Amino acid sequence: MEIIKTVAEMSRWVQEQRTKGHTLALVPTMGFFHEGHLSLMRRAGELVDRVIVSLFVNPSQFAAHEDLDAYPRAFARDAALAEAEGVAVLFCPEVDDIYPPGFQTTVAVSELTSKLCGKSRPHHFAGVTTVVAKLFNIVAPQYAVFGEKDFQQLAVIRRMVRDLNMQVSLVGHAIVREKDGLAMSSRNAYLSKAERRQALCLWHALQEAKALVQAGERHSGRVAKRVRDVLLAHGPCQIDYIELVNRDTLERSSTIDHRVLLALAVRIGTTRLIDNACLLHGGDKNV
Ligand code: AMP
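Residues numbered from 1 in each chain as written. Predicted model: local features only at pLDDT ≥ 70, side-chain atom pairs only at ≥ 80, totals over all residues. Heavy atoms only, no water.

### Concerning the packing of aromatic side chains
Test applied: Two rings belonging to Phe, Tyr or Trp (six-membered ring only in the last case) form a pair when the distance between their centres is within 6.5 Å. Interplanar angles under 30 degrees mark stacking, angles over 60 mark edge-to-face geometry, and anything in between is tilted. The secondary structure listing takes helices from DSSP runs of H or I that are at least 4 residues long and strands from runs of E that are at least 2 residues long, numbered from the N terminus. Classification of residues uses two cut-offs on accessible area relative to the type maximum, computed with a 1.4 Å probe and protein chains only: under 20% is buried, over 50% is exposed, and between them is partly exposed.
Tallying each qualifying case throughout the model produces four aromatic pairs. Here phenylalanine 56 and tyrosine 99 contribute two aromatic rings whose centre-to-centre distance is 6.3 Å and whose plane-to-plane angle is 45 degrees, an arrangement assigned as tilted. On the criterion of sequence distance, the pair formed by phenylalanine 56 in the loop between β3 (50-55) and α3 (75-84) and tyrosine 99 in the loop between α4 (95-98) and α5 (117-120) is long-range, its members being 43 residues apart. Using a relative accessible area of 15% as the deciding quantity, one classes tyrosine 99 as buried. Ring geometry for tyrosine 99 and phenylalanine 103: centres 5.0 Å apart, planes at 80 degrees, overall edge-to-face. Site record: aromatic cluster; members linked through ring pairs are Phe56, Tyr99 and Phe103.

Below, the structure is given as structure tokens:
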């Protein structure tokens, strides 16, 4: 596996691969790999000849009060894990190379980013779409693989790709979970032992919602109320949102059908966790 640290070198490598006729897939990440990231890499490897994993903790998607400095980093371990997955290149550019002096362009999707996580993180998605657009331009991959854990991010990137006629096919990957159901996340590293136990409230809430819907419930308000009760039954937490939305438009849905997704954002201590599931079959296989 090659470790490439500059945009110029990455562009040269991509050019070389194109000349050889190789197909490319990109997996954008912020590192501190877990099985969720590794599954995305494996999926990418099924699609193309060469997988590029970007590892860039993107400052522009963090607000000033958020955890940019504290974000967990483990470069040597990440490199070893990516190499073991057969990744061709780990692309880890410096911040100044991605945002050189004078940088002033933003790629922003409007409506979809005003909902859900966008309400409490108003600048987050513009940071994401700008850096992902840059990565797509640098790598020009045929495919890019994203996790459905960040389903709003995937919906926003899908919109950007459609709106700007970007020549990349997006692939969503199901949420990868710990044995007990907690969705894997680099931010789980922040949780104390007690918080880790309490964090299962998200999984239990999704399970409870699914059971209600399987028993015939189709009223979103009643499901949301039960979900709130389950979340709070595990201990004090700050509920950012409990939303039942159409998975494509992210519009609230008052009744539940197979396009409706239950999305949760909950703060346990200082750690903000998100999770989601489709409540009717045809949705998330992990729930
Ligand atoms: P991150 O490093 O957290 O920015 O995540 C990089 C990519 O991995 C994103 O596309 C995430 O949606 C995806 N990802 C993170 N956690 C999971 C998970 N538990 N299951 C599947 N994909 C995930």
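### Remarks on the nonpolar core
Put simply, the rule is: As used here, the term nonpolar core means buried Ala, Val, Leu, Ile, Met, Phe, Trp, Tyr and Cys residues forming a set that is joined through side-chain atoms within 4.5 Å. Here the bounds of each domain stem from an automatic or database domain assignment. Throughout, a residue-residue contact means that at least one pair of heavy atoms, one from each residue, lies within 4.5 Å.
Of all hydrophobic cores here, the largest spans 48 residues; its most connected members are Met10, Trp13, Ile52, Phe91, Phe136, Ile157 and Met160. Top contributing element to this core by residue count: helix α6 (residues 124-139), with nine residues. Of the domains in this structure, domain 1 (2-173) and domain 2 (186-278) are the two that each give at least three residues to this core. Residue contacts for methionine 160: discarding those within four places in its chain leaves Val107, Val109, Thr129, Val132, Ala133, Phe136 and Met166. Counting 30 residues, the second largest nonpolar core, distinct from the first, contains Leu202, Ala224, Cys237 and Ile256.

### Considerations on the sheet that holds β3
Rule in force here: Strand pairing is assigned whenever DSSP identifies at least 2 bridges connecting the two strands. As a rule, the C-alpha atoms of each element are fitted with a line to give its axis, helices using only the stretch in contact, and angles between N-to-C directions run from 0 to 180 degrees.
One open sheet holds the six strands; their spatial order is β1-β4-β3-β2-β5-β6, and the pairing between them is parallel. Bordering the open sheet on either side are β1 (2-4) and β6 (169-173), each of which pairs with just one other strand. Direction aside, neighbouring strands of the sheet carry axes that sit 25 degrees apart on average. Here helix α2 (residues 35-47) sits on the sheet and contacts β2 (24-29), β3, β5 (143-147) and β6; the angle it forms with β5, its principal contact strand, is near 155 degrees. The sheet contacts of α6 involve β2, β3, β4 (89-91), β5 and β6, and relative to β2 the element is tilted by about 150 degrees.

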